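# Geometric and topological summary
Okay, here's what each chain looks like letter by letter:
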Amino acid sequence: MDFTIVKLLFDFGLLILIWMVQLIIYPGFKHYQKEDLIKWHRVYALRITLIVMPLMIGQLLINVASIYMIFSFYSLISLILVVLVWLSTFIQFVPMHSRISDGIFDRTLIHRLVHLNWLRTFLWTTIFLFGLLGYFIQL
């Protein structure tokens, strides 16, 4: 299988996932009572991690590999975008999710989660579109 196709598969998987999170999952948190959200969120966080982490790790590894295998402006920009998603995820979102699971949150935190997630939605959408463009013009 072509290296670029594998990259696109990871990028597409994360694209679909982030749009589902942005439009369905995070806004859905607003409809839970606090006690119910705390219980559900602990289950959700574990289950979503089992889906997200293999995709994020695969995306990171394939972008790092592309720097060594076919270094280009395209591969560098792509890796920078992926690193920005990682930074946003672990600096902003992991702490917010930890607070929800620990029961230390209010509706403002849920609103912030939805609002700030537009950054990751934009980044993963850009990563996918950039990868698709690269595939078609063979950057």
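Computed from a prediction, not measured in an experiment: that's the story for all the values here.

### A few points about the packing of helix α1 (residues 3–28) against helix α4 (residues 107–137)
- At a minimum axis distance of 9 Å, the contact between α1 and α4 shows a crossing angle of 155 degrees. By the angle between their directions, the pair α1 and α4 is classed as roughly antiparallel. Here α1 and α4 pass one another in a crossing that is left-handed.
- Its residues assigned to classes, the contact of α1 with α4 shows 20 nonpolar, six polar and three charged.

### With respect to the nonpolar core
- Tyr 26, Phe 29, Met 56, Ile 100, Phe 105, Leu 113 and Trp 124 are the most contacted members of the largest nonpolar core, which has 27 residues in total.
- When residues of this core are traced back to their parent elements, those giving at least two are α1, α2 (34–69), α3 (73–101) and α4.
- Leave out the neighbours within four places in its chain, and Phe 29 touches Leu 37, Trp 40, His 41, Tyr 44, His 97, Arg 107, Ile 110 and Leu 113.

### Section: α4
- Its 31 residues place the ends of α4 45 Å apart at the C-alpha level, agreeing with the 45 Å of an ideal helix rising 1.5 Å per residue.
- Of all the bends in α4, the largest measures some 25 degrees and sits at Trp 118.
- After α4 finishes, the residue Gln 138 shows a positive phi value of roughly 50 degrees.

### Some remarks on the packing of aromatic side chains
- Per the counting criterion, the structure on display carries eight aromatic pairs.
- A centroid spacing of 5.4 Å and a plane angle of 50 degrees characterise the contact between Phe 12 and Phe 128, whose relative ring orientation is tilted. Here Phe 12 is found in helix α1, whereas its partner Phe 128 is found in helix α4, with 116 residues between them in sequence.
- Residue Phe 128 is classed as buried on the basis of its relative accessible area, which comes to 12%.
- With centroids separated by 4.9 Å and ring planes inclined at 35 degrees, the aromatic side chains of Tyr 74 and Phe 130 adopt a geometry described as tilted. Taken as a pair, Tyr 74 in helix α3 and Phe 130 in helix α4 lie far apart in primary sequence, 56 residues in all.

### Some details on the layout of surface pockets
- Here the largest pocket is characterised by a volume of approximately 410 Å³.
- Ile 48, Thr 49, Thr 89, Val 94 and His 97 are, among the 20 residues lining the largest pocket, the residues nearest its centre.
- Taken together, the elements giving at least two residues each to the lining of the largest pocket come down to α1, α2, α3 and α4.
- Across the lining of the largest pocket, the residue classes tally to 14 nonpolar, five polar and one charged.

Analysis parameters
- Residues numbered from 1 in each chain as written.
- Predicted model: local features only at pLDDT ≥ 70, side-chain atom pairs only at ≥ 80, totals over all residues.
- Heavy atoms only, no water.
- Axes fitted to C-alpha atoms, helices over the stretch in contact; angles between N-to-C directions.
- Helix = DSSP H or I, 4+ residues; strand = E, 2+ residues; numbered from the N terminus.
- Parallel < 35°, antiparallel > 145°, perpendicular 65-115°, else oblique.
- Left-handed = near helix turned anticlockwise from the far one by under 90°.
- Nonpolar A, V, L, I, M, F, W, Y, C, P; charged D, E, K, R; others polar.
- Core = buried A, V, L, I, M, F, W, Y, C linked by side-chain atoms within 4.5 Å.
- Buried < 20%, exposed > 50% of the residue type's maximum accessible area, 1.4 Å probe, protein only.
- Contact = heavy atoms within 4.5 Å.
- Expected span 1.5 Å × (residues − 1).
- Bend = angle between axes of the 7 residues up to and from the residue.
- Phe/Tyr/Trp six-rings, centres within 6.5 Å; stacked < 30°, edge-to-face > 60°.
- 1 Å grid on protein atoms, 1.4 Å probe; cavity = no way out; pocket = protein on both sides within 12 Å on 5 of 7 lines; lining within 4 Å.
- Points joined across faces, edges and corners; volume = space filled by probe spheres on them.

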